[in-house]
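Residues per chain, in single letters:
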Amino acid sequence: MPILANLAEPLVVGGLSIRNRVFLAPMSGITDEAFRLRAHAHGAGLVVSEMVASGELAKGRTGSERRIRRPDIPVHMVQLAGREAWAMAEAARIAEGEGADIIDINMGCPAKKVIGGYAGSALMLDPDHAVSLIDAVIGAVKVPVTVKMRLGWDEGALNAPLLARRAEASGVSMVTVHGRTRCQFYQGKADWRAIRRVRDAVSIPLIANGDVASGEDAVAILEHSGADAVMIGRAHYGAPWVAGSIASAAAGSPTPGLPDIAALADYVVAHYEAMLSLYGVDAGLRQARKHLGWYLDRHAPQISPETRRAIMTGTEPAAVIARLRAAFAGAEVQFDKEAA
Ligand SMILES: Cc1cc2nc3c(=O)[nH]c(=O)nc-3n(C[C@H](O)[C@H](O)[C@H](O)COP(=O)(O)O)c2cc1C
């Protein structure tokens, strides 16, 4: 299928060559450095930081450094959220100074905490203000600037094509569209066909996002939307290799670093240890729990509720690791479907 092979082709974004067209979506609380390094190693075309609150970063409050720090990944893309032009510009300058190769602006987050501050998807309600933020960021940095948005605020305000066109006119290098409105949050099914209206509005690279979990889905979203690439988020829960395995299947090559059944325990333990060292043990234990839960649900669903609970609530890393190893003995890696 030629469109599948297309996914293995590089994509040029603002003069940067992105190695293939299957990307990891930014997910706050999930796509930290440990996760992005894994997704990159498996072959994801592009990985994106968790969103960084521009006001916090610009005011020098601690906590954002970990999110903007440059990992050992060729293209370091940092996503900023916010509503004030000065803070977005200053945060973009700081991120660029820390080595960001691309600055992405979040215009899609539906969370009340974010839109309560009129950032994220609330910016779609006020395109003039959204464009003023884009202009401020573009004016502040030399690196390419991109935007991630939804279809619009609600069914009555599907203004992604208009906002994308204005973003392109301002000099944005790529736009990603999640095929839902803000008011849908994550309900229903992403409307892949509706993304085509954005395709018809812009000629910069367009990335389609929403509910993609397999190579088949990736082909379908590109067919329906006319987008240049696909971005995948939640399908990576418990499987950081999903984007890479789809890109590899498209290239007709094996997925780099894909753990086989025997190596799965080592893989999960290495991810766990990477998180403990990234956050420190106390915060790392808390941050790692959701990942351990996803790994167990996906690859070791046979374990007893007691074992699962002991792993999820364990506060002694060595004991958690011993239990993980026991749990994954005999587990099956559920990756065939994704690569199909
Ligand atoms: C837990 C979680 C955190 C997210 N955080 C961000 C974020 O920081 N920035 C952003 O642009 N989108 C964020 N998203 C949205 C995803 O990037 C993506 O657009 C959405 O999940 C739809 O894609 P999917 O169906 O492949 O998951 C988040 C989604 C989830 C589920």
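From a predicted model like this one, the values you see are computed outputs, not experimental measurements.

*Asks:* How should the site of the ligand be read in this particular structure?
*Replies:* Of all residues adjacent to the ligand, which total 18 residues, the nearest are P26, Q79, N209, D211 and R234. Between the ligand and the protein, one listed contact pairs a nitrogen atom with a side-chain N or O atom of Q79 at 2.7 Å. The separation between a nitrogen atom of the ligand and a polar side-chain atom of N106 is 3.3 Å. Summarising the interface, the protein chains cover 89% of the accessible area of the ligand, which totals 610 Å² for the free molecule. Here the ligand is seated within the largest pocket.

*Asks:* Sorry, what's going on with the pairing of strand β8 (residues 174–181) here?
*Replies:* Buried residues dominate β8, accounting for eight of its eight residues. Note: strand β7 (residues 145–152) against β8, six bridges, orientation parallel. Its bridge partner lying in β8, G152 is registered against T181. A crossover links β7 with its parallel partner β8, the connecting element being helix α8 (residues 160–170), and its sense is right-handed.

*Asks:* Hey, could you run me through the packing of helix α13 (residues 281–299) against helix α14 (residues 305–313) in this one?
*Replies:* Pairs of packed helices are described in terms of their axes, by the angle between the two and the distance that separates them. Taken N-terminus to C-terminus, the directions of α13 and α14 make an angle of 155°; their axes are 9 Å apart at the nearest point. Classified by the angle between their axes, α13 and α14 sit roughly antiparallel to one another. With respect to the hand of their crossing, α13 and α14 are arranged in right-handed fashion. Contact residues: R289, L292, G293, L296 and D297 in α13; R308, I311, M312 and T313 in α14. In the contact of α13 with α14, the residues fall into four nonpolar, two polar and three charged.

*Asks:* So what exactly am I meant to see when it comes to empty space enclosed by the protein here?
*Replies:* Any empty space left between the atoms is revealed when a probe the size of a water molecule rolls over them. Taken as a whole, this structure holds one cavity of 30 Å³ or more when the rule is applied. Of the voids in this model, the largest cavity is the one considered here, and its volume is about 40 Å³. Along the walls of the largest cavity sit L151, L158, A160, P161, A194 and R197, which together make up its complete lining. Per-class residue counts for the lining of the largest cavity are five nonpolar, no polar and one charged.

*Asks:* What exactly am I supposed to notice about the state of the cysteines here?
*Replies:* In a disulfide, the sulfur atoms of two cysteines are covalently bonded to one another. Evaluation of the coordinates by the stated rule reveals zero disulfides. No disulfide involves C109; its nearest neighbouring cysteine sulfur is the one of C183, lying 13 Å away. On the accessibility criterion, C183 (35% relative accessible area) is partly exposed.

*Asks:* Can you walk me through the side chain of S225 in this structure?
*Replies:* Along the chain, S225 turns up in helix α10 (residues 215–225). A distance of 2.6 Å separates a polar side-chain atom of S225 from the backbone oxygen of I221. A polar contact of 3.0 Å, which involves the side chain of S225, links it to the backbone nitrogen of A227.

Analysis parameters
Residues numbered from 1 in each chain as written. Predicted model: local features only at pLDDT ≥ 70, side-chain atom pairs only at ≥ 80, totals over all residues. Heavy atoms only, no water. Near = heavy atom within 4 Å. Polar contact = N/O pair within 3.5 Å; in protein donor to acceptor, adjacent residues only side chain to side chain. Areas by Shrake-Rupley, 256 points an atom, 1.4 Å probe, with all protein chains shown as cover. 1 Å grid on protein atoms, 1.4 Å probe; cavity = no way out; pocket = protein on both sides within 12 Å on 5 of 7 lines; lining within 4 Å. Sits in = over half its atoms within 2 Å of the grid points. Buried < 20%, exposed > 50% of the residue type's maximum accessible area, 1.4 Å probe, protein only. Helix = DSSP H or I, 4+ residues; strand = E, 2+ residues; numbered from the N terminus. Pairing = 2+ DSSP bridges. Right-handed = clockwise from strand over helix to strand, strands pointing away. Axes fitted to C-alpha atoms, helices over the stretch in contact; angles between N-to-C directions. Parallel < 35°, antiparallel > 145°, perpendicular 65-115°, else oblique. Left-handed = near helix turned anticlockwise from the far one by under 90°. Contact = heavy atoms within 4.5 Å. Nonpolar A, V, L, I, M, F, W, Y, C, P; charged D, E, K, R; others polar. Points joined across faces, edges and corners; volume = space filled by probe spheres on them. Disulfide = S-S within 2.5 Å.

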